[in-house]
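One letter stands for each residue in the lines below.
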Amino acid sequence: AQKVTQAQTEISVVEKEDVTLDCVYETRDTTYYLFWYKQPPSGELVFLIRRNSFDEQNEISGRYSWNFQKSTSSFNFTITASQVVDSAVYFCALSTFPGYSSASKIIFGSGTRLSIRP
Amino acid sequence: NAGVTQTPKFQVLKTGQSMTLQCAQDMNHNSMYWYRQDPGMGLRLIYYSASEGTTDKGEVPNGYNVSRLNKREFSLRLESAAPSQTSVYFCASSGQGDSPLHFGNGTRLTVT
């Protein structure tokens, strides 16, 4: 069975601090994909990043970085020098890959609400 | 450039009433999904579909039915609404394989 755990329900930091959002997943599949989505106060869901199970390289995009570790089944997200605009709910998601002719079952964690105080 | 369109945006139902939430995408995606979002529980998968005429149950399918009418449209029906179905419902679509989800703007449903 698939499961995604985001143990941090809410995080509040002062602007310019670094913050890490944790994501731990469970799956028996060897091929799977991990995602992060952002939901700002306006409510829409925005895709941030995708990582497949065979690629453990860390990724950096501006102030955002992601650390994927299969050994600990974790896919953590770090925001460096946080800004007020980073305030949002962040979701981690897990997708198994049933093949190109089938739909992937995509499961989300419960989300982490991040508040950046000026 | 519509992407994924959900209707209605808001709906209030009385217990026992029925309604259908509509979803359409114009990105030629094969896969479509329905999620519900409740405070503290994240997004929970209700049903999903790989193609026209095929649907699969997700994590919380009880109380819902779906219909994949064609490649563009995927509707969610509540036959007899209950207060526990008060939630924000999101429809999403994706291309093949590992493509990310594209979400609609959501439908806020209240059942009294």
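Residues numbered from 1 in each chain as written. Chains lettered and ligands numbered in written order. Predicted model: local features only at pLDDT ≥ 70, side-chain atom pairs only at ≥ 80, totals over all residues. Heavy atoms only, no water.

Undergrad: Describe the state of the cysteines, listing the residues and the values that go with them.
TA: As enumerated under the stated definition, the model contains two disulfides over all chains in all. Covalently, C23(A) is tied to C92(A) through a disulfide, its sulfur atoms 1.9 Å apart. Negative torsions about the S-S bond denote left-handed disulfides, and the value of about -65° found for C23(A) with C92(A) makes this one left-handed. Of this pair, C23(A) sits in the loop between β3 (19–21) and β4 (24–26) while C92(A) sits in strand β10 (residues 88–96); the two residues are 69 residues apart in sequence, bridging distant segments of the chain. In this structure, C23(A) and C92(A) share a single accessibility class: buried. Across the disulfide, C23(B) is cross-linked to C91(B) (sulfur-sulfur distance 1.8 Å). Judged by the sign of its S-S torsion, about -75°, the bond between C23(B) and C91(B) is left-handed. Of this pair, C23(B) sits in strand β3 (residues 19–25) while C91(B) sits in strand β9 (residues 87–94), and the two are 68 residues apart along the sequence. You'll find C23(B) and C91(B) in the same group, each marked buried. (Disulfide = S-S within 2.5 Å. Helix = DSSP H or I, 4+ residues; strand = E, 2+ residues; numbered from the N terminus. Buried < 20%, exposed > 50% of the residue type's maximum accessible area, 1.4 Å probe, protein only.)

Undergrad: Break down the layout of surface pockets for me, citing the residues and quoting the values.
TA: Roughly 770 Å³ of internal volume is contained in the largest pocket. What lines the largest pocket is a set of 35 residues, among which Q39(A), V89(A), R113(A), Q37(B) and R108(B) lie closest to the centre. Of all the secondary-structure elements, those providing two or more residues to the lining of the largest pocket are β10 and β12 (112–117) of chain A together with β4 (31–38), β9 and β11 (107–111) of chain B. With four residues, β12(A) is the single largest residue contributor to the lining of the largest pocket. For the lining of the largest pocket, the residue count by class is eleven nonpolar, 18 polar and six charged. (1 Å grid on protein atoms, 1.4 Å probe; cavity = no way out; pocket = protein on both sides within 12 Å on 5 of 7 lines; lining within 4 Å. Points joined across faces, edges and corners; volume = space filled by probe spheres on them. Nonpolar A, V, L, I, M, F, W, Y, C, P; charged D, E, K, R; others polar.)

Undergrad: Help me get a handle on the interface of chain A and chain B, residues and values and all.
TA: Taken together, the contact pairs 22 residues of chain A with 23 residues of chain B. A buried area of about 1900 Å², summed over both sides, lies between chain A and chain B, and 62% of it is on carbon and sulfur atoms. Summed over the three residues of chain A that lose the most area to chain B, namely L45(A), A103(A) and F108(A), the buried surface amounts to 27% of that side. Taken together, chain A and chain B are joined by zero salt bridges. Viewed at the interface, chain B and chain A are joined by four residue pairs in polar contact (both at pLDDT 80 or more). Only β5 (32–39), β6 (46–52) and β11 (106–108) of chain A provide two or more residues apiece to the side of chain A that touches chain B. Tallying contributions element by element places β5(A) first for the side of chain A that touches chain B, with four residues. In the side of chain A that touches chain B, the residues fall into twelve nonpolar, seven polar and three charged. (Contact = heavy atoms within 4.5 Å. Buried area = accessible area lost by both parts, 1.4 Å probe. Salt bridge = Lys/Arg side-chain N within 4 Å of Asp/Glu carboxyl O. Polar contact = N/O pair within 3.5 Å; in protein donor to acceptor, adjacent residues only side chain to side chain.)

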